Amino acid sequence: MSTTAQNNAPVTDSSIGTGPSGEQAGASVPQEVREAIRAVAERARRARPELATARRARKDETLQGMADALRQNASAILAANRKDVENGREKGTSEAMLDRLSLDGPRIEALAAALEELMALPDPVGKVVRGRDLPNGLHMTQLRVPLGVVGAIYEARPNVTVDIAGLALKSGNAVILRGGSAARETNTVLIQILREQALAHGFEADIVQGIDEFGRDGATALMSERGSVDVLVPRGGRELIQSVVHNAKVPVIETGEGNVHLYIDESAPVKMAVDIALNAKTQRVSVCNTAETLLIHAGAEKAGREVLRALHRAGVLLHVDEGARAWLPAEAEASAAPATEEDWGTEYLALELAVKTVGSLDEAMDHIRRWSTGHTEAIVTNDLAHADRFVAEIDSAAVIVNASTRFTDGGQLGLGAEVGISTQKMHARGPMGLEELTTTKWVLRGQGQVRS
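Reading the values: the criteria
- For every chain, the first residue of the written sequence is number 1, and numbering continues from 1 onward in sequence order.
- The predicted origin of the model limits local features to residues at a pLDDT of at least 70 and limits the giving and counting of side-chain atom pairs to 80 or more, whereas totals for whole chains, interfaces and linings rest on all residues.
- Processing note: side-chain calculations cover all non-hydrogen atoms of the structure and skip hydrogens and water entirely.
- The helix count covers DSSP runs of H or I at least four residues long, the strand count covers runs of E at least two residues long, and both are numbered beginning at the N terminus.
- Computation of the radius of gyration draws on C-alpha atoms, with the globule rule given as 2.2 Å multiplied by the number of residues to the power 0.38.
- Between buried and exposed lies partly exposed: a residue is buried under 20% and exposed over 50% of the maximum accessible area for its type, with that area taken using a 1.4 Å probe on protein chains only.
- We call two residues contacting when some pair of their heavy atoms lies within 4.5 Å.
- The protein chains shown are the only cover counted for residues, whose accessible areas, like all others here, come from Shrake-Rupley with a 1.4 Å probe.
- In this tally, Asp and Glu contribute negative charge and Lys and Arg positive charge; neither His nor the terminal groups of the chain are included.
- Think of each charge as sitting on NZ of Lys, CZ of Arg, CG of Asp or CD of Glu.
- Convention used here: a crossover is right-handed provided that the path from the first strand, over the helix, to the second strand proceeds clockwise when the strands point away from the viewer.
- Strand pairing is assigned whenever DSSP detects at least two bridges linking the two strands.
- Only the stretch in contact is used when a helix axis is fitted, and all axes are lines through C-alpha atoms; the angle between N-to-C directions ranges over 0 to 180 degrees.
- Each residue gets a pLDDT score, which is the predictor's confidence in that residue and runs from 0 to 100.
- The salt bridge definition used is simple: a Lys or Arg side-chain nitrogen within 4 Å of an Asp or Glu carboxyl oxygen.
- A helix is expected to span 1.5 Å for every residue after the first.
- Throughout this description, any angle smaller than 35 degrees is read as roughly parallel, any larger than 145 degrees as roughly antiparallel, any in the 65 to 115 degree range as roughly perpendicular, and the remainder as oblique.
- Left-handed describes a crossing in which the near helix is turned anticlockwise from the far one by less than a right angle; the clockwise case is right-handed.
- Nonpolar core, defined: a set of buried Ala, Val, Leu, Ile, Met, Phe, Trp, Tyr and Cys residues in which side-chain atoms within 4.5 Å join the residues together.

Student: Break down the overall build of the protein chain for me, citing the residues and quoting the values.
Tutor: Assigned secondary structure in the protein chain consists of 14 helices and 18 strands. Compactness check: the protein chain gives a C-alpha radius of gyration of 23 Å against a globular reference of 22 Å for 452 residues, within 12% of the reference. Here the protein chain holds 452 residues, and the buried ones make up 55% of them. Looking at the protein chain alone, contacts between residues at least 24 apart form 75% of all its contacts between residues at least 6 apart. Surface accessibility of the protein chain: about 18,600 Å² in total, with carbon and sulfur atoms responsible for 49%. One way to put it: in the protein chain the 49 positive side-chain charges average out to a point 6 Å from where the 61 negative ones average out.

Following this line, the structure appears as structure tokens:
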């Protein structure tokens, strides 16, 4: 992962887990908070065995109950969300973060629908990964089993509360949620709804718990609960993620910020290039799979001119190098900013885009290798050999040919939802769905064999 990538959006809880100089702040957490978080984790561990062994039908019925309850309680959810948005606006929260924070009727329906999509997916628990009879007569199987107790630390994204809770339930995991102060009112209502439905379907309510009431101290204490919490997933801006990665004693699955690149090759069809660039940049600017850097082959002048014209008309502030500046429409010349070294590492999460012209596919890939955060990279091309090279040589969690970067998403890829998009290479990479919330267990069955 690039150490130079930046995130211009404010981070709601950027000091989680660190002191003023970046030192570990765990020692400063009040004892009563530590004890409270340990009690939360212990309740989760006690609650999870029944869930871990529950049949698919029962888990799916619970998911349906949760989806129905979200729809039935939409007015209460929206009222709480309005408080969070108003508080955020008063504090000067960026528009990108407010967009992540905001819910409306269609977004609540999308949350409910995502839970229903999870119902249609196979239950990963108990799935046989591999199995065979060994020469000594032992029967060996490797089975998928839940991770156990999953902690999640995220910010200003109430949709994540529902997504992670639903994925955790279907995969047999108890979950502890720290959604941040910015979304506290909304998350409180959502978690209450989810807990009530878990209880109504015979599970202990503590398979879903929130710890927002304990603030940053609670998040820091959660990071220290090794042995009680099996894995921790941070999701948010760079500062939050890196704080958790560097300070947690609990194993962490690192999700990453998205300095996402779109490369328009010399052979790219003009209309395709325009459509993909517009969608990748403007369809929703506040999310990690939106394009942040546009690379254009110097020989793709027609496509370059049309793409830059369309982006300008869509309200995108362009940070351009000298080659791209020559292609700007007259009306965009005054507003376009000169691209700097800093722009190549910036995750704008806004209607801003860095634009660079390159002389070859190799130059484009070299740029991506230097500045990528390992999230998503895309190429628009009519050259099959170039497409194949791009796929083979770009080492990111998702590589896309002739389609928008916005498809790097658990829901879009048929996972129902996602816990986050992992940019690491161990256990899980890319959008994390049900199987990524499981591990494996080896089972050996014999008739008295002993090893000689």
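Student: An account of unusual backbone geometry is requested, with residue identities and associated values reported.
Tutor: Despite not being glycine, Ala156 has its phi angle at roughly 55°, a positive value. Along the polypeptide, Ala156 turns up in the loop between strand E4 (149-154) and helix H6 (158-170). Relative accessible area serves as the criterion here: at 2%, Ala156 is assigned to the buried category. Non-glycine residue His427 carries a positive phi angle of around 70°. One can find His427 in the loop between strand E16 (421-422) and strand E17 (430-431).

Student: Go over the pairing of strand E15 (residues 398-401) with me, naming the residues and quoting the values.
Tutor: Alternating positions in E15 separate cleanly, Ala398 and Ile400 being buried on one face and Val399 and Val401 remaining unburied on the opposite face. This β-α-β element, strand E14 (residues 376-380) to helix H14 (residues 384-393) to E15, shows right-handed connectivity.

Student: How would you sum up the sheet that holds strand E7 (residues 231-235)? Please name residues and give values.
Tutor: By definition, the strands of a sheet pair up through backbone hydrogen bonds, in either a parallel or an antiparallel sense. Spatially, E6-E5-E4-E7 is the arrangement adopted by the four strands of the open sheet, whose pairing is parallel. Lying at the two open borders of the sheet, with one neighbouring strand each, are strand E6 (208-210) and E7. Strand-to-strand twist in this sheet, taken as the mean axis angle between neighbours without regard to direction, amounts to 20°. Pairing geometry for strand E5 (residues 174-178) and E6, over three bridges, is parallel. Bridged to Val175 within E6 is Val208. Taken strand by strand, H6 contacts E4, E5, E6 and E7, and its axis lies near 165° from that of E5.

Student: Quick one: what's the story with the confidence of the model for the protein chain, residue by residue and with numbers?
Tutor: The share of residues in the protein chain with pLDDT of 70 or more is 94%, and the mean pLDDT across the chain is 91. In this model, residues 1-15 is a region of pLDDT below 50 whose contacts with residues beyond four sequence positions or in other chains number 55 contacts. In this model residues 17-25 is a low-confidence stretch, pLDDT under 50, and it forms 15 contacts with partners more than four residues away in sequence or in other chains.

Student: Could you give an account of the sheet that holds strand E3 (residues 139-146), naming the residues involved and the relevant values?
Tutor: If you walk across this open sheet you meet the three strands as E2-E3-E18, and the pairing is antiparallel. The sheet is open, and its two edges are formed by strand E2 (128-133) and strand E18 (438-445), each paired on a single side. Along the sheet, successive strands turn relative to each other by an average axial angle of 20°, direction set aside. One ladder, built from five bridges, connects E2 with E3; its direction is antiparallel. Bridged to Val128 within E3 is Leu143.

Student: Requested: an account of the pattern of salt bridges, with residues and values cited.
Tutor: Tallied over the full model, the rule gives 26 salt bridges. Ionic pairing is found between Asp206 and Arg195, a salt bridge with its closest N-O pair at 3.0 Å. Within this pair, whereas Asp206 is found in the loop between helix H7 (184-200) and E6, its partner Arg195 is found in helix H7, the two being separated by 11 residues in sequence. According to the relative accessible area criterion, Asp206 is buried, its value standing at 15%.

Student: A description of H6 should follow, citing residues and the corresponding values.
Tutor: With 13 residues, H6 should reach 18 Å at 1.5 Å per residue; the first-to-last C-alpha distance of 19 Å fits that figure. Burial analysis of H6 places 12 of its 13 residues in the buried class, the great majority of the element. For H6, every residue scored as buried is listed here: Pro158, Val160, Thr161, Val162, Asp163, Ile164, Ala165, Gly166, Leu167, Ala168, Leu169 and Lys170. Where H6 ends, the next residue or the one after it, Gly172, has phi of about 80°, a positive value.

Student: Describe helix H8 (residues 215-223), listing the residues and the values that go with them.
Tutor: Every buried residue belonging to H8 is among Gly218, Ala219, Thr220, Ala221, Leu222 and Met223, and all of these are buried. In this fold, the buried residues of H8 make contact with helix H1 (31-52), E4, E5, E7 and helix H9 (238-247).

Student: Any chance you could break down the packing of H1 against H8 for me, citing the residues and the numbers?
Tutor: Where H1 meets H8, the closest approach of the two axes is 9 Å, and the angle between their N-to-C directions is 60°. One way to sum up the angle between H1 and H8 is to call them oblique. Where H1 crosses over H8, the two elements pack in a sense that is right-handed. Contact with H1, carried on its side by Val33, Arg34 and Ile37, involves Asp217, Gly218, Ala221 and Leu222 of H8 and no other residues of that element.

Student: Any details on the nonpolar core? Residues and values, ideally.
Tutor: With 49 residues, the main nonpolar core has Leu70, Ile77, Leu115, Leu177, Ile207 and Val208 as its most contacted residues. At seven residues, the largest contribution of residues to this core is made by H6. Not counting residues within four places of it along the chain, the set of residues in contact with Ile207 comprises Ala47, Leu51, Leu169, Asn173, Ala174, Val175 and Ala198. Residues Ile264, Ala268, Val274 and Ile400 belong to the second largest nonpolar core, which totals 28 residues.

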